[in-house]
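Secondary and tertiary structure notes
Below, each chain spelled out in residue letters.
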Amino acid sequence: MNNKILRDLSYGVYVVGSLDGDRKVGCIANSAMQITSSPASIAISINRDNYTNECIKQCNKFSISILNEDSNPNIIGTFGFSSSKDIDKYKDFDYELVESIPVIKDSNGYVVCEVTNVLETETHTIFLGKVIEMNKYVDKVPMTYKYYHEVLKGSSPKKAPTYQDTIIEEIKGNRWKCMICGYIYEGDELPLDYVCPICGQPREAFEKID
Ligand SMILES: Cc1cc2nc3c(=O)[nH]c(=O)nc-3n(C[C@H](O)[C@H](O)[C@H](O)COP(=O)(O)O)c2cc1C
């Protein structure tokens, strides 16, 4: 089987928001899709080990904020590579509460859903949500998963549904990997003052890879 073909599936990049009681929680997900238009419904697939999963189950609501190509990449670093169990991920970003659920303002807009169905797989929970509110902030180019990989050079963490550890990429020179978010820097040398453009970690967080 050639698992490279799975990379030809198309996705966007979204912040999934929810609540743990009064606490705002959330994570990055590429797995969101519209299922029907009437009633408008969205499905997302969230790893059972992600804190956001149990919070959606308790709160029964979630939002997706649709990131665009100009959205601050640190949103992905924060929401995609750390856990709301440990930190307030919204601390450094503008957000608003819609139907009491947090949404990120540095995005094209949001959809807020009430969970109507839950399907468990071995690793992920598929939440089907009926849309209860939605709004568009700006009309920028939505960020695609391809853009995230090819332009931002971001990686998929193990809990993302699209994670693959067996794809061998063509190597184009020296490469350093951010050990926090997996971002790959390519070049002759890693600059002394280099900071990871995805998660903001300093040069010391990088390891040279073969
Ligand atoms: C580009 C990208 C796409 C991701 N897609 C998903 C996804 O669709 N579903 C999922 O459960 N996790 C996905 N993740 C991983 C979660 O965002 C990550 O495990 C996060 O740290 C979970 O945070 P939490 O513990 O606060 O829920 C993705 C991460 C990135 C960077």
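Structure: see above.
One structure accompanies this document, and this report is about it.

Parameters at a glance
Residues numbered from 1 in each chain as written. Predicted model: local features only at pLDDT ≥ 70, side-chain atom pairs only at ≥ 80, totals over all residues. Heavy atoms only, no water. Pairing = 2+ DSSP bridges. Helix = DSSP H or I, 4+ residues; strand = E, 2+ residues; numbered from the N terminus. Salt bridge = Lys/Arg side-chain N within 4 Å of Asp/Glu carboxyl O. Buried < 20%, exposed > 50% of the residue type's maximum accessible area, 1.4 Å probe, protein only. Contact = heavy atoms within 4.5 Å.

**What to know about the pairing of strand β8 (residues 109-120)**
Sheet topology note: the strand β5 (residues 61-66)/β8 ladder contains five bridges and is antiparallel. Across the sheet, the residue bridging to Phe62 is Cys113, located in β8. Pairing geometry for β8 and strand β9 (residues 124-136), over eleven bridges, is antiparallel. For Cys113, the partnering residue across the bridge sits in β9 and is Val131. Between β8 and β9, which pair antiparallel in sequence order, lie three residues.

**Let's talk about the pattern of salt bridges**
Pairs may arise between side chains of opposite charge once their charged atoms sit close together. Using the criterion set out here, one finds eight salt bridges in the structure. Between Lys140 and Asp70 there is a salt bridge, and its shortest N-O distance comes to 3.4 Å. Linking Lys140 in the loop between β9 and α3 (145-150) with Asp70 in the loop between β5 and α2 (73-81), this pair joins segments that are 70 residues apart in sequence. A salt bridge links Glu150 to Lys146; its shortest N-O distance comes to 3.3 Å. Of this pair, Glu150 and Lys146 both sit in helix α3, four residues apart, roughly one helical turn. Looking at Lys146, the relative accessible area reads 56%, which means it is exposed. Among the ionic contacts, a cluster of salt bridges with common partners joins Arg48, Lys57 and Glu120.

**Brief notes about the environment of Asn50**
Examined against the element boundaries, Asn50 turns out to sit in the loop between β4 (40-47) and α1 (51-59). Given the relative accessible area of 16%, Asn50 is considered buried. As for Asn50 and His124, which are separated by 74 residues in sequence, their C-alpha atoms are 9.2 Å apart. The contact partners of Asn50, leaving out residues within four places of it in the chain, are Cys27 and Lys159.

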